[in-house]
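Chain by chain, the residues:
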Amino acid sequence: DTPMNSIMASQRQTISNKRLAPQPTIQEANVMWKKTIIRQIDFRQKLNQVFYFPQKPTEDWKNLVTVLYEGIQNGDITPYKVKDDDLDNMTDPLTVEEFEKEGKKTGESIWNDSLKDYVSEVTVFKDRMPNVTRLKVKEDWYFDRNLSQLLVRIIAIAPVIVEESNGELSESQPCWIPYDEQTRSVLAKAFVFNRNNGASRLTYDEIFQKRIFDSYIIKEENVYDRYISEYADGVDVLLESDRIKQSIMDFEQSLWQY
């Protein structure tokens, strides 16, 4: 092997042997405050483009949706059904066949000359993957009084398909994916392109754990079970997102006396 090939082979071997970073152990008795929020990662933002590209997988890099899709197909990741439009909770686990069914979309009826009839165009999830341009992240923020720290733990992630129809954008969420050890094991073996340093190989799990992404809050747990977009419009949505983020930080600051 050439020196470069040896380096690449060594890097691939290193990544395959990587162990998951341990998560803090949560003891309910030590949690004195907790808030569940849902944030959204928009792949169009510059920092988040590593989730969306490359569109054609290479030997070293695959985009996040491809990694998740292949993990589901191989049985290494278990997706969960979004039931009765309850977009926030995971209910029943989906088989690969059920997931494919959830990811299908029936389009408008188009006249088929050979069949002499109108036929509805059906698009499967694999063909819709380029339209997954957002990702929901459900997480718990909590204060551990034993550690005297404000901590965060990702509970689940969900691909969001954004498509245009009749000049209007529509969103669909085919599943929830628990951010458990099973899912993390898949993400920990997938490289993320590092635009600043090709020798520093990060994985998707490290990106999430180190929070190297840009996002905005779209919901905090509330008595009305509403998303921000249901009670705010335009720039007020971003202002409310910032308010929720600031309220979490303010809570931590209020615990200390100087």
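As a reminder, the structure under discussion sits directly above these lines.
Residues numbered from 1 in each chain as written. Predicted model: local features only at pLDDT ≥ 70, side-chain atom pairs only at ≥ 80, totals over all residues. Heavy atoms only, no water.

**Comments concerning the pairing of strand β1 (residues 31–42)**
With respect to burial, β1 is a largely interior element, nine of its twelve residues being buried. Sheet topology note: the β1/strand β4 (residues 132–144) ladder contains eleven bridges and is antiparallel. Bridge pairing in β4 links Asp-42 to Arg-134. Two elements, β1 and strand β10 (residues 216–220), share four bridges in a ladder whose sense is antiparallel. Paired with Gln-40 across the two strands is Tyr-216, which belongs to β10. (Buried < 20%, exposed > 50% of the residue type's maximum accessible area, 1.4 Å probe, protein only. Helix = DSSP H or I, 4+ residues; strand = E, 2+ residues; numbered from the N terminus. Pairing = 2+ DSSP bridges.)

**A look at the side chain of Glu-100**
Here Glu-100 shows up in helix α4 (residues 96–102). Despite its burial, Glu-100 remains without a salt bridge, the nearest opposite charge being carried by Lys-104 at 7.3 Å. Engagement of the side chain of Glu-100 in a polar contact is seen with the side chain of Tyr-69, the distance being 2.9 Å. (Lys, Arg positive; Asp, Glu negative; His and termini not counted. Salt bridge = Lys/Arg side-chain N within 4 Å of Asp/Glu carboxyl O. Polar contact = N/O pair within 3.5 Å; in protein donor to acceptor, adjacent residues only side chain to side chain.)

**As for the pattern of salt bridges**
Tallying each qualifying case throughout the model produces 14 salt bridges. Salt-bridge contacts for Lys-35 lead to Glu-220; the nearest nitrogen and oxygen are separated by 3.0 Å. Separated by 185 residues along the polypeptide, Lys-35 in strand β1 and Glu-220 in strand β10 bring together distant segments of the chain. The pair Lys-35 / Glu-220 is uniform in exposure class, with both members buried. In this structure, Arg-44 engages Asp-42 in a salt bridge whose closest nitrogen and oxygen atoms are separated by 2.7 Å. The structure contains a network of salt bridges with shared partners spanning Lys-35, Glu-220, Glu-240 and Arg-243.

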